[in-house]
Amino acid sequence: MAVIDGGKFRISTTPVTIVAHLLGLLVLILTLIWLLHFEGGVSMTKTASASYGDRIRIGWRRREAKFLDMESIHSWIGMATVCLFGLQWLVGFVSFWFPGAPMTIRARIMPWHVFSGIVIFVMAIISTETGIMEEFCFAGLSRERKAYLINFTGVAVLLFGITVGLTAILP
């Protein structure tokens, strides 16, 4: 709820957080519908039946299309996101969890730690959106139920990212 506090307009994080959780749940449900209904299930092995096994793993489809790894913007952003997350985790572990770090160092690192966390989250959302777009293009969809589901999933991911970002910056 919006509150006027000391002449400043402030928004409570509670409703935004609830919306973010609901959108996260919506993304999970839409993804499960996508995988279970349109892709025939979930399989992490190459022993899946030929009828849907090749459609489950986008990596297989990319190889069939002569698309090598790390050729798309989705691959680059995704790899950068994972690497930066690992680096942030390591710096956070050494700076905040490790008992020997002085408080002055922790205070200096904290704004950069928060900023890099937000940047990594935004990169994860962008990677997800480009991956959804890549899946849409590889499937060659147009005006089909699966196409609408993929588009709604992309919009839900974007709205989820916006609400989580808003929650992160609100006091």
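Residues numbered from 1 in each chain as written. Predicted model: local features only at pLDDT ≥ 70, side-chain atom pairs only at ≥ 80, totals over all residues. Heavy atoms only, no water.

If you check an unreviewed UniProt entry, the protein chain appears there as Ascorbate-specific transmembrane electron transporter 1 from Acorus calamus. The record in UniProt for the protein chain states the following under Cofactor (unreviewed entry): "heme b". In UniProt, the protein chain has this text filed under Subcellular location (unreviewed entry): "Membrane". (UniProt positions renumbered as here; feature names shortened; annotations may be inferred.)

As a further point, take the overall build of the protein chain. Scanning the protein chain for helices and strands turns up six helices and two strands. Along its sequence from the N terminus, the protein chain presents helices and strands in the succession β-β-α-α-α-α-α-α. For the protein chain, the proportion of its 171 residues judged to be buried stands at 27%. Long-range pairs, those at least 24 residues apart, make up 58% of the contacts in the protein chain with a sequence separation of at least 6. For the protein chain, the accessible surface area stands at approximately 11,600 Å², while carbon and sulfur atoms represent 74% of it. (Helix = DSSP H or I, 4+ residues; strand = E, 2+ residues; numbered from the N terminus. Buried < 20%, exposed > 50% of the residue type's maximum accessible area, 1.4 Å probe, protein only. Contact = heavy atoms within 4.5 Å. Areas by Shrake-Rupley, 256 points an atom, 1.4 Å probe, with all protein chains shown as cover.)

A word on the packing of aromatic side chains. Under the criterion given, the structure shown has four aromatic pairs. For the ring pair Trp89 and Phe93, a centre distance of 5.5 Å and an interplane angle of 10 degrees mean the geometry is stacked. Here Phe93 and Trp89 lie together in helix 4 (residues 73–97), a separation of four residues that amounts to about one turn. The class for Trp89 is exposed, based on a relative accessible area of 54%. Classification of Phe93 by relative accessible area gives partly exposed; the value is 31%. Ring centres 6.2 Å apart and planes at 65 degrees place the aromatic pair Phe121 and Phe160 in the edge-to-face group. (Phe/Tyr/Trp six-rings, centres within 6.5 Å; stacked < 30°, edge-to-face > 60°.)

Now for the UniProt feature "transmembrane region" (unreviewed entry) in the protein chain. Sequence positions flagged by UniProt for "transmembrane region" (unreviewed entry) are, in local numbering, residues 18–36, 76–98, 110–127 and 148–170. Across residues 76–98 one finds 96% helix and 0% strand; the C-alpha atoms that close the span lie 32 Å apart. Between the C-alpha atoms that bound residues 110–127 there is a distance of 25 Å. The span itself is 100% helix and 0% strand.

Bringing the environment of Trp34 into the picture now. Following the sequence through the fold, Trp34 ends up in helix 1 (residues 13–38). Sequence-wise, Trp34 and Leu149 are 115 residues apart; in three dimensions their C-alpha atoms are separated by 7.1 Å. For Trp34, the residues in contact, after removing those within four places along its chain, are Glu39, Ile132, Glu135, Lys146, Leu149 and Ile150.

We now examine helix 4. Helix length check: helix 4, at 25 residues, gives a terminal C-alpha distance of 34 Å against a target of 36 Å (1.5 Å per residue), a fit within 8%. If you check which residues of helix 4 are buried, you get Ser75, Ile77, Gly78, Thr81, Gln88, Gly92 and Ser95. (Expected span 1.5 Å × (residues − 1).)

A few words now on the confidence of the model for the protein chain. Chain-level pLDDT for the protein chain is 83 on average; 80% of the residues reach the 70-or-more range. Under a pLDDT of 50 for its full length, residues 48–57 has, in the predicted model, 17 contacts with residues more than four places off or in other chains. (pLDDT = per-residue confidence, 0-100.)

Below, the discussion takes up the nonpolar core. If you look at the biggest cluster of nonpolar residues, it comprises 13 residues, and the most contacted ones within it are Trp34, Ile132, Phe136, Leu141, Leu149, Ile150 and Val157. Residue contributions to this core peak at five residues, all from helix 6 (residues 145–169). Setting aside residues no more than four positions away along its own chain, Ile150 makes contact with Trp34, Ile132, Glu135, Phe136 and Leu141. (Core = buried A, V, L, I, M, F, W, Y, C linked by side-chain atoms within 4.5 Å.)

A cluster of nonpolar side chains, contributed by Leu25, Leu28, Ile29, Leu32, Ile33, Leu36 and Val42, occupies part of the molecular surface with about 610 Å² of accessible area. Among the structural elements, Val42 can be located in the loop between helix 1 and helix 2 (53–56). (Patch = residues over 30% accessible without salt bridge, like charges linked within 9 Å, V, L, I, M, F, W, Y side chains within 5 Å. Salt bridge = Lys/Arg side-chain N within 4 Å of Asp/Glu carboxyl O.)

With that settled, the discussion passes to the packing of helix 5 (residues 103–139) against helix 6. Across the interface, helix 5 lies against helix 6 with an axial gap of 10 Å and an inter-helix angle of 175 degrees. Of the possible angle classes, the one that applies to helix 5 and helix 6 is roughly antiparallel. Of the residues assigned to the contact of helix 5 with helix 6, the class counts are 13 nonpolar, six polar and three charged. (Axes fitted to C-alpha atoms, helices over the stretch in contact; angles between N-to-C directions. Parallel < 35°, antiparallel > 145°, perpendicular 65-115°, else oblique. Nonpolar A, V, L, I, M, F, W, Y, C, P; charged D, E, K, R; others polar.)

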